[in-house]
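Structure at a glance
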Amino acid sequence: MTDLLTTDKISLVYTDGERNTYALRDVSIEIPDRKFIGIMGPSGSGKSSLLYILSGLKRPTGGEVRLKDYAYGGRPDRELVDLRRTRFGFVFQQPYLLVWQTAMENVLMGAPELHEEARRKAQTYFDQLGIARLQNKLPSQLSGGEKQRVCVARAMMNDPEIIFADEPTASLDHTNGRLVIDLLSAYRERGTVIVVTHDPEMLTGADTVLMMRDGESQGWVTPDQLAEVGAKSKTISLGER
Ligand SMILES: Nc1ncnc2c1ncn2[C@@H]1O[C@H](COP(=O)(O)OP(=O)(O)OP(=O)(O)O)[C@@H](O)[C@H]1O
Ligand SMILES: [Mg+2]
């Protein structure tokens with residue numbers, strides 16, 4: 001089986017005057033098709049940076065990133081915009097919605113074409129996410145969690161090959177967080193879903209989880225191993241008190 005996404009020694013360096021910060025350092029990973037992938041690691045370990053590069057929102061300072069055979073690390077903006085619009089879907093920690101458009105109109109923005117089928121599809125997502133009654137509301141009339149679910153629906157509208165989600169459940173309570181994760185994880189029947197999160201519970205159903213530390217990949221673990229690491233670190237911190 002060929003991998004969907006691969007990175008070859010990617011780095012991302014931020015230069016601030018004399019100082020260089022390595023947000024990513026020589027990260028080489030392979031991400032298979034139709035899987036639910038988690039990314040975890042401490043704050044500042046490069047999780048968002050990795051997502052930005054995989055999704056073509058930023059270019060790597062070094063190395064290469066590929067979608068199947070298509071290398072896009074150094075492509076011009078126009079091509080990257082096209083790549084993101086046609087083949088990727090996004091859910092961010094902060095829901096970006098157009099404030100003067102209703103929830104339904106925002107979701108339809110994600111559709112490649114506006115027709116009855118798109119509306120039906122959007123309707124299905126609203127139902128599945130438990131926000132059917134909110135479709136004619138403006139974002140200002142929605143809670144953070146409700147807005148987040150609108151973003152999830154929008155991300156799925158163009159049938160992307162990959163959905164990138166950066167802490168999509170951070171502003172949700174546990175029940176709503178679970179709802180969003182279940183819907184995202186079910187998407188693996190159609191494409192790969194990559195979720196960055198601080199909450200290992202959200203990754204219990206993941207196929208595999210990439211661990212990041214100090215801008216470097218620490219390799220892959222299973223959700224079971226993740227739970228073990230979490231339990232151990234809790235024991236240690238309790239013991240240290
Ligand atoms: N625009 C920037 N300029 C300079 N340094 C940056 C910039 N953005 C991020 N960094 C640095 O790059 C490193 C990785 O940041 P990144 O946002 O990828 O971490 P993260 O793992 O997503 O953290 P968190 O869990 O807090 O969201 C951090 O040390 C951060 O301070
Ligand atoms: Mg982050």
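In case you missed it, the structure is sitting above this.
To start, this report covers the structure provided alongside it. (Residues numbered from 1 in each chain as written. Chains lettered and ligands numbered in written order. Predicted model: local features only at pLDDT ≥ 70, side-chain atom pairs only at ≥ 80, totals over all residues. Heavy atoms only, no water.)

1. Regarding helix α4 (residues 116-128)
If you check α4, its first and last C-alpha atoms are 19 Å apart, about what 13 residues at 1.5 Å a residue would give, namely 18 Å. Listed as buried for α4 are Ala118, Ala122, Tyr125 and Phe126. For α4, the angular spread of buried residues about the axis comes to 100°, placing them on one side. Along α4, the residues that are exposed and aim more than 90 degrees away from the buried face are Glu117 and Arg120. Of the residues one or two after α4, Gly130 is the one with positive phi, at around 70°. (Helix = DSSP H or I, 4+ residues; strand = E, 2+ residues; numbered from the N terminus. Expected span 1.5 Å × (residues − 1). Buried < 20%, exposed > 50% of the residue type's maximum accessible area, 1.4 Å probe, protein only. Arc of directions from axis to C-beta.)

2. Remarks on the pairing of strand β2 (residues 19-27)
Here strand β1 (residues 5-16) pairs with β2 via 6 bridges, running antiparallel. Paired with Leu12 across the two strands is Leu24, which belongs to β2. Here β1 folds back onto β2 in antiparallel fashion, the turn holding 2 residues, of which Gly17 has a positive phi close to 65°. (Pairing = 2+ DSSP bridges.)

3. Quick word on the pattern of salt bridges
In this structure the tally under the stated criterion is 11 salt bridges. Of the charged contacts, one joins Arg34 and Asp33 as a salt bridge, the two residues approaching to 3.8 Å between their closest N and O atoms. Owing to a relative accessible area of 44%, Arg34 belongs among the partly exposed residues under this scheme. Residues Arg190 and Asp159 are paired through a salt bridge, measuring 2.9 Å at the closest nitrogen-oxygen approach. One end of the pair, Arg190, is in the loop between α6 (174-186) and β9 (192-196); the other, Asp159, is in the loop between α5 (144-156) and β8 (162-166), and 31 residues separate them in sequence. Residue Arg190 is classed as partly exposed on the basis of its relative accessible area of 37%. Taking relative accessible area as the criterion, Asp159 reaches 42% and is therefore assigned partly exposed. (Salt bridge = Lys/Arg side-chain N within 4 Å of Asp/Glu carboxyl O.)

4. Some thoughts on the pairing of strand β4 (residues 36-40)
Of all 5 residues in β4, 5 are buried; the element is thus mostly enclosed. Alternating residues of β4 divide into Phe36, Gly38 and Met40 and Ile37 and Ile39, and every residue in both groups is buried. For β4 and β9, the ladder comprises 4 bridges, and the chain directions are parallel. Bridge assignment links Phe36 to a residue of β9, and that residue is Val193. As judged from the 4 bridges shared by β4 and strand β10 (residues 208-213), these two strands associate in the parallel manner. The residue of β10 that forms the bridge with Met40 is Met211.

5. Things to note about the site of ligand 1
Looking at ligand 1, the residues that line it are Tyr14, Ala23, Pro42, Ser43, Gly44, Ser45, Gly46, Lys47, Ser48, Ser49, Glu167 and His198. The contact in question runs from an oxygen atom of ligand 1 to an N or O atom on the backbone of Gly46, over 3.0 Å. The fraction of the free accessible surface of ligand 1 (640 Å²) that becomes covered by protein chains is 60%. Sorting elements by how many residues they give to the shell around ligand 1 places helix α1 (residues 47-54) first, with 3 residues. A class-by-class count of the residues in the shell around ligand 1 yields 3 nonpolar, 7 polar and 2 charged. (Near = heavy atom within 4 Å. Polar contact = N/O pair within 3.5 Å; in protein donor to acceptor, adjacent residues only side chain to side chain. Areas by Shrake-Rupley, 256 points an atom, 1.4 Å probe, with all protein chains shown as cover. Nonpolar A, V, L, I, M, F, W, Y, C, P; charged D, E, K, R; others polar.)

6. Brief notes about the packing of aromatic side chains
Summed over all chains, the structure comprises 6 aromatic pairs. Where Phe90 meets Phe92, the ring centres are 5.8 Å apart and the plane angle is 10°; that geometry is what we call stacked. You can call Phe92 partly exposed: its relative accessible area is 26%. Seen in terms of ring centroids, Phe90 and Phe164 are 5.8 Å apart; in terms of plane orientation they differ by 25°. Their pairing is stacked. Of the two residues, Phe90 is situated in strand β7 (residues 88-91) and Phe164 in strand β8; the sequence distance between them amounts to 74 residues. Of the two residues, Phe90 and Phe164, neither departs from the other in class, the shared state being buried. Here the aromatic residues Tyr70, Tyr72, Phe88, Phe90, Phe92, Tyr96 and Phe164 are joined through ring pairs into a cluster of three or more. (Phe/Tyr/Trp six-rings, centres within 6.5 Å; stacked < 30°, edge-to-face > 60°.)

7. Side note on the environment of Ile10
Mapped onto the elements, Ile10 comes out in strand β1. For Ile10, a relative accessible area of 0% gives the class buried. Separated by 24 residues in the primary sequence, Ile10 and Arg34 have C-alpha atoms spaced 23 Å apart. The residues touching Ile10, leaving out its near neighbours within four places in the chain, are Leu24, Arg25, Asp26, Val27, Leu50, Ile53, Pro60, Gly62, Gly63, Glu64 and Val65. (Contact = heavy atoms within 4.5 Å.)

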